[in-house]
Amino acid sequence: MIDNQEVLFFRKELARLLDDYRNCEKPSLKKEISEDISLLSEVIYGDEQPHTLSDRTLL
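Reference entry: report on the structure contained in this document. (Residues numbered from 1 in each chain as written. Predicted model: local features only at pLDDT ≥ 70, side-chain atom pairs only at ≥ 80, totals over all residues. Heavy atoms only, no water.)

**Overview of helix α1 (residues 4-23)**
Each α-helix turn comprises 3.6 residues. Residues three or four places apart therefore point the same way.
Then, in step 1: With 20 residues, α1 ought to run about 28 Å at 1.5 Å a step, and its terminal C-alpha atoms sit 29 Å apart, in line with that.
Then, in step 2: Every buried residue of α1 is listed here: Val7, Leu14, Leu17 and Tyr21. Buried residues of α1, viewed axially, fall in a sector of 80 degrees; they line one side. For α1, the exposed residues lying more than 90 degrees away from the buried face are Gln5, Phe9, Lys12 and Asn23.
Then, in step 3: A distance of 3.1 Å separates the backbone nitrogen of Gln5 from a side-chain oxygen at the start of α1, and that oxygen is part of Asp3. (Helix = DSSP H or I, 4+ residues; strand = E, 2+ residues; numbered from the N terminus. Expected span 1.5 Å × (residues − 1). Buried < 20%, exposed > 50% of the residue type's maximum accessible area, 1.4 Å probe, protein only. Arc of directions from axis to C-beta. Polar contact = N/O pair within 3.5 Å; in protein donor to acceptor, adjacent residues only side chain to side chain.)

So this is what it looks like as C-alpha cells:
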C-alpha cells in the first residue's frame, strides 16, 4: 500500500503526463505517454479507473 505522500507525488506526475499527452503531436510518443498514464492511474486508483485511455478520455 502506498502512503499519502507517495499518492501526492504520483498525482503530480500524473498531471504532468496529462499535460504532455495533450501537447504531444507524435502519435507514437502519445501512445507511450498514454501507457504511462494508465499504469500510474492503476497505482493511484486501483481498479476504480479504466486500464486503457483514449484521446476522448484525456480531453
